[in-house]
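Fold and geometry: a report
The residues making up each chain are set out below.
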Amino acid sequence: MAVNSREIFNTMLDNDIVISYIGPFDGQILSLLASNIEDSLWDDQHRGKTFFKIFIELSQNIYLYSKEKGNGIDKSAGVGLMLIKEYDDHFSFITGNMVDKKDYELLSEKCKTISSKNKEELREYKRFMRGQPRTEFGGGNIGLIQVSILSGYPIDYKFVNVDDDTYFYVLCVRIDK
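A brief structural summary. These figures come from a predicted structure and were not determined experimentally.

All right, on to the overall build of the protein then. When its secondary structure is counted, the protein shows 6 helices and 5 strands. The helix and strand sequence of the protein, counted from the amino end, reads α-β-α-α-β-β-α-α-α-β-β. Burial analysis of the protein (177 residues in total) assigns 38% to the buried set. The long-range share in the protein, meaning contacts at least 24 apart out of those at least 6 apart in sequence, stands at 62%. Per element, the accessible surface of the protein, about 10300 Å² overall, is 51% carbon and sulfur.

Below you can see the structure in the form of structure tokens.
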């Protein structure tokens, strides 16, 4: 079956996809995407910075947890996908990547905890997590907490079982215009 690039382009336009990317989330790509996001999606500088911060946190999530790794300059960079879909009153920021079973267990518990808390509870939880030991990835384990605080909405997530050791992890964040 031949894929017509014009059909793909029209499908994306028809579905209000403003940015899409599939591949390694390395420094070069992130810099290019970040610049585009910060400069082009928002007239309001404050909202643009919030969106940018969310982009960075979600990108780091893919970089760190993706089971698939890039084959370019940064071979440790996680591979995943990112879509930004525009609605009348908000954007949906959607990421997806493969994760190992051990990361599925960690991430699913983390997402469940984060999505069950209100903004004040999230701030308290973030303070608590800052006092915890660093993860094996070097992070403070607060990125997804920060995403939920910044967006003002619970994170929406799903794990699709691929096989005994692999899950596809989808994360969606709403950002009001």
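So, next bit.
Position of Lys 85 among the secondary structure elements: in strand 2 (residues 79–86). Despite being buried, Lys 85 has no salt bridge partner; Asp 16 is the closest side chain of opposite charge, sitting 5.0 Å away. In contact with Lys 85, other than residues within four places in its own chain, are Asn 15, Asp 16, Ile 17, His 90, Phe 91 and Ser 92.

Another aspect to go through is helix 3 (residues 45–65). Across its 21 residues, helix 3 extends 30 Å between first and last C-alpha, which sits within 8% of the 30 Å expected from 1.5 Å per residue. Within helix 3 the residues assigned to the buried category are Arg 47, Gly 48, Thr 50, Phe 51, Ile 54, Phe 55, Leu 58, Ser 59, Asn 61, Ile 62 and Tyr 65. Viewed end-on, helix 3 has its buried residues packed into an arc of 165 degrees, placing them on one side of the element. Projecting away from the buried face of helix 3 at angles above 90 degrees are the exposed residues Gln 45 and His 46.

Reading guide: rules and limits
- Residues numbered from 1 in each chain as written.
- Predicted model: local features only at pLDDT ≥ 70, side-chain atom pairs only at ≥ 80, totals over all residues.
- Heavy atoms only, no water.
- Helix = DSSP H or I, 4+ residues; strand = E, 2+ residues; numbered from the N terminus.
- Buried < 20%, exposed > 50% of the residue type's maximum accessible area, 1.4 Å probe, protein only.
- Contact = heavy atoms within 4.5 Å.
- Areas by Shrake-Rupley, 256 points an atom, 1.4 Å probe, with all protein chains shown as cover.
- Lys, Arg positive; Asp, Glu negative; His and termini not counted.
- Salt bridge = Lys/Arg side-chain N within 4 Å of Asp/Glu carboxyl O.
- Expected span 1.5 Å × (residues − 1).
- Arc of directions from axis to C-beta.

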